[in-house]
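Examining the three-dimensional arrangement
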Amino acid sequence: MSTCSARNSGDGGEGVDRISHLPEELIQNILVRLPSVDAAARTSVLSRRWRRVWTRLPSLSFQCDSEKPGAIDAALAAYSAPALNRLALSAAHALEAATVAPWLEFASRRVAGNLTLNFSVAGGLELPACERATSINLHVGHLRLPPAGSFAALASLAIVGARMQGGDFEAVCSPRCPRLRRLAVRSVTLVGGAADVSVRSGSLEWLVFMAQGVGRLEVAAPRLRYFRAEAKAAAGDVSDVSVASPVLEDVAWYGEFDPRRHRFAEAGHRLRKLMVMDMPTAALMRRFYIVDELVLSFGISPGIRGYKTFLNATSMIAKCEVLEVQVTTRRHAFSSAVLHLLRKSVGVAKLLIRLPRMGNKSCTEGCPCSLTDSCNTDKIQLDSLKEVEILEFQGEFNQMKFINLLLDCQAPILKKVYVRIPKDVKSISNTKSKKIRSIIDGHPEIDVEFKLWS
């Protein structure tokens, strides 16, 4: 073993082993920035004092594709600290249950912070109870949650891309997870036919549930404020969903919303934020018809039928102070679609619009979006509108036409319009620059600002 030394000219020539005298906290800060535990272990050659520091690191990360399972076993066996703040284990290929068993057993005893597992196990992975883990992230194949045991400290759980039984969610309910505040279930498939899922928690505040194979989803969480959901039955049918929370304030719904099958018990009609993410979801605005911030993010199907469906679905817009529009029109006239939404809007003080690439292709002949009245701004009264922000301006003719139409609406207290140009737009031609100048000069009462958006 070699020791790294440095001489101090002020000490009479006596050698000083500076590396060995570094504070352990500083040494750990150095080691946790190395790419692997193996690299941290190899620093033992630098100094006798560094030999075992890596065995007390607060964070360990292993990539099974670059490290042999036996080496991971040895590293975990050598770990000497009583608790670990973070343990991450990943592999690109499927592992055997016998291989991961000692890793899971170590995690259940020693992890007192974050546990991240990113691998699949032949025959499925059964997560052990981890009483001291505060957050768990699972990117696994077939997953089984333990039928018994406590997750007493768990505050956040994320399950991504797994196949599991609907009944396994009993493991995340009170009292087994008394401190659970955040639960994210994404791209999960429930096996064994249409499964009933029950999430009952006295502590849960934040829930994302995106799963297929759901027969019924029941959520009873008196503290739940944030809810995102897409629940589909095995055959693509609509699942039954019941959410009971008196303090719900932030909702996003993906897919069809059917008020006969989707119920929000105990919640009022007002939200802080509502996100309508698909056209069939627009019916949700009849359930929550007063919101502080409304996001409309969906596509309009092509053809006359598609545009009429849009008009019918948005015949009623929730009253809101902030309206964000992200609509993909698919050859329909973007200006007509947005002006329709503004005709139906009430109380909007701030408007944010993300412009799509419009091009010059026209819609189907006879489509309502191409009628002259569809772009008439005379009856659009925006008495509360104070500020407009327009994103993704590329300088296209139809985009400038839309901005002109928007500024022609009746908005007596509108004073500021920000038009953001994405940084990938290298330049705007002189012709388009003159058009922009004409827009600004044509509305002297409004401060219109075109600016590069980084």
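First, a word on scope: everything that follows refers to the structure included in this document. Remember, it's a predicted structure, so these values are computed and weren't measured experimentally. (Residues numbered from 1 in each chain as written. Predicted model: local features only at pLDDT ≥ 70, side-chain atom pairs only at ≥ 80, totals over all residues. Heavy atoms only, no water.)

**Let's talk about the overall build of the chain**
Operational definition: Counting from the N terminus, the helices are DSSP H or I runs at least four residues long and the strands are E runs at least two residues long. Summary of the burial criterion: residues with accessible area below 20% of their type's maximum are buried, those above 50% are exposed, and those between are partly exposed, where the area comes from a 1.4 Å probe applied to protein chains only. In what follows, a contact means two residues having at least one pair of non-hydrogen atoms within 4.5 Å. Per-residue and other accessible areas were derived by the Shrake-Rupley procedure at a 1.4 Å probe size, with only the shown protein chains allowed to occlude residues.
What the chain contains, in helices and strands, is eight helices and 25 strands. Residues counted as buried form 48% of the 454 residues belonging to the chain. Residue pairs in contact within the chain that sit at least 24 positions apart in sequence constitute 57% of those at least 6 positions apart. Here the chain displays about 21500 Å² of accessible surface, and carbon together with sulfur accounts for 50% of that area.

**Quick word on the packing of helix H5 (residues 303-313) against helix H6 (residues 334-344)**
Quick reminder of the rule: Here an angle of 0 to 180 degrees is reported between the N-to-C directions of two axes, which are lines fitted to C-alpha atoms, with helices fitted over the stretch in contact. Note on terminology: angles under 35 degrees are roughly parallel, angles over 145 are roughly antiparallel, angles of 65 to 115 are roughly perpendicular, and the others are oblique. It is the rotation of the near helix from the far one that decides the hand of a crossing: anticlockwise by less than a right angle makes it left-handed, clockwise makes it right-handed. Residues were grouped as follows: Ala, Val, Leu, Ile, Met, Phe, Trp, Tyr, Cys and Pro as nonpolar; Asp, Glu, Lys and Arg as charged; and all remaining residues, including Gly, as polar.
In contact at an axis separation of 10 Å, H5 and H6 are set at 15 degrees when each is read in the N-to-C sense. Classed by the angle they form, the pair H5 and H6 counts as roughly parallel. Where H5 crosses over H6, the handedness of that crossing is right-handed. Together, Tyr307, Phe310 and Leu311 of H5 and Ser336, Ala337, His340 and Leu341 of H6 make up the contact between the two elements. Counted by class, the contact of H5 with H6 contains five nonpolar, two polar and no charged residues.

**Quick look at the nonpolar core**
This is how the line gets drawn: For the purposes of this section, nonpolar cores are sets of buried Ala, Val, Leu, Ile, Met, Phe, Trp, Tyr and Cys residues that join through side-chain atoms within 4.5 Å.
Core analysis: the biggest nonpolar cluster contains 131 residues, and Leu87, Phe264 and Leu294 have the highest contact counts within it. Within the second largest apolar cluster, five residues are counted, among which are Ala158, Ala184, Val208 and Met210.

**Quick look at the sheet that holds strand E12 (residues 195-200)**
To keep things clear, this is the line we draw: When DSSP locates at least two bridges between a pair of strands, those strands are taken to pair.
Pairing in this open sheet of four strands is parallel, and the strands run E12-E14-E16-E18 from one edge to the other. Single-partner strands in this sheet number two, and they are E12 and strand E18 (262-265). Pairwise comparison of adjacent strand axes, ignoring direction, gives a mean angle of 10 degrees for this sheet. Summarising the sheet, E12 and strand E14 (residues 214-220) pair through six bridges and their orientation is parallel. For Ser198, the partnering residue across the bridge sits in E14 and is Glu218.

**Considering the packing of aromatic side chains**
Counted only if it meets this: Centres within 6.5 Å are what make two rings of Phe, Tyr or Trp a pair, Trp counting through its six-membered ring; a difference in plane orientation under 30 degrees is then read as stacked, over 60 as edge-to-face, and the rest as tilted. As a reminder, the over-ring test applies to NZ of lysine and CZ of arginine, requiring each to be within 6 Å of the ring centre and within 35 degrees of the ring normal.
By the definition in use, this model includes 14 aromatic pairs. An angle of 85 degrees between the planes, with centres 5.6 Å apart, marks the rings of Trp253 and Phe257 as edge-to-face. Centroid distance Phe393 to Phe450: 5.3 Å. Interplanar angle 70 degrees. Geometry classified as edge-to-face. Of this pair, Phe393 sits in the loop between strand E23 (387-391) and helix H7 (397-407) while Phe450 sits in strand E25 (residues 447-453), and the two are 57 residues apart along the sequence. Members of the aromatic cluster, each reached through a chain of ring pairs, are Phe227, Trp253, Phe257, Phe264 and Phe288. Its guanidinium or amino end placed over the ring of Trp206, Arg182 lies 3.8 Å from that ring's centre, counting from NZ or CZ. Over the ring of Phe288 we find Arg287, and its NZ or CZ is 4.7 Å from the ring centre.

**Some words on the pairing of strand E9 (residues 156-160)**
The two faces of a sheet get side chains in turn, since along a regular strand they alternate between them. The pairing of strand E7 (residues 135-139) with E9 spans five bridges and is classified as parallel. Among the inter-strand pairings, His139 is bridged to a residue of E9, identified as Val160. Note: E9 against strand E11 (residues 182-190), five bridges, orientation parallel. Along E11, the bridge assignment pairs Val160 with Arg186.

**Some words on the packing of H7 against helix H8 (residues 430-441)**
The geometry of H7 relative to H8 is characterised by a closest axis approach of 11 Å and an angle of 5 degrees between their N-to-C directions. Viewed along their axes, H7 and H8 adopt a mutual orientation that is roughly parallel. For the pair H7 and H8, contact is made by Met400, Ile403, Asn404 and Leu407 and by Lys432, Lys435, Ile436 and Ile439, respectively. Of the residues belonging to the contact of H7 with H8, the class tally is five nonpolar, one polar and two charged.

**Quick notes on the environment of Gln410**
Mapped onto the secondary structure, Gln410 falls in the loop between H7 and strand E24 (416-422). The sequence separation of Gln410 and Thr377 amounts to 33 residues, and the corresponding C-alpha distance is 7.7 Å. Look past the residues within four positions of Gln410 in its chain and what remains in contact with it is Asp378, Ile380, Gln381, Leu382 and Asp383.

**What to know about the pairing of E23**
Just so we agree on the cut-off: Here the term right-handed applies to a crossover when the path leading from its first strand over the helix to its second strand runs clockwise, the strands being oriented away from the viewer.
Counting buried residues in E23 gives four out of five residues, a clear majority hidden from the surface. Here strand E22 (residues 350-354) runs beside E23; their pairing, made up of five bridges, is parallel. Bridge assignment links Lys350 to a residue of E23, and that residue is Glu387. For E23 and E24, the ladder comprises four bridges, and the chain directions are parallel. Residue pairing in the sheet places Ile390 in a bridge with Val419 of E24. Each parallel crossover has a hand, and for E23 linked through H7 to E24 it is right-handed.

**Quick notes on helix H3 (residues 69-78)**
Stated formally: Directions from the helix axis toward the C-beta atoms define the arc.
Among all positions in H3, only Ile72, Ala75, Leu76 and Ala78 are buried. All buried residues of H3 project into a common sector of 165 degrees when viewed along the axis, lining one side.

**What to know about the pattern of salt bridges**
Just so we agree on the cut-off: The term salt bridge refers to a side-chain nitrogen of Lys or Arg lying within 4 Å of a carboxyl oxygen of Asp or Glu.
On inspection of all chains with the given rule, the structure shows 19 salt bridges. Here Lys350 ties to Glu387 by a salt bridge, and the two come within 3.8 Å at their closest N and O atoms. Of this pair, Lys350 sits in strand E22 while Glu387 sits in strand E23, placing them 37 residues apart in sequence. Its relative accessible area of 25% is what places Glu387 among the partly exposed residues.

Taken by themselves, the reported measurements are silent on function.
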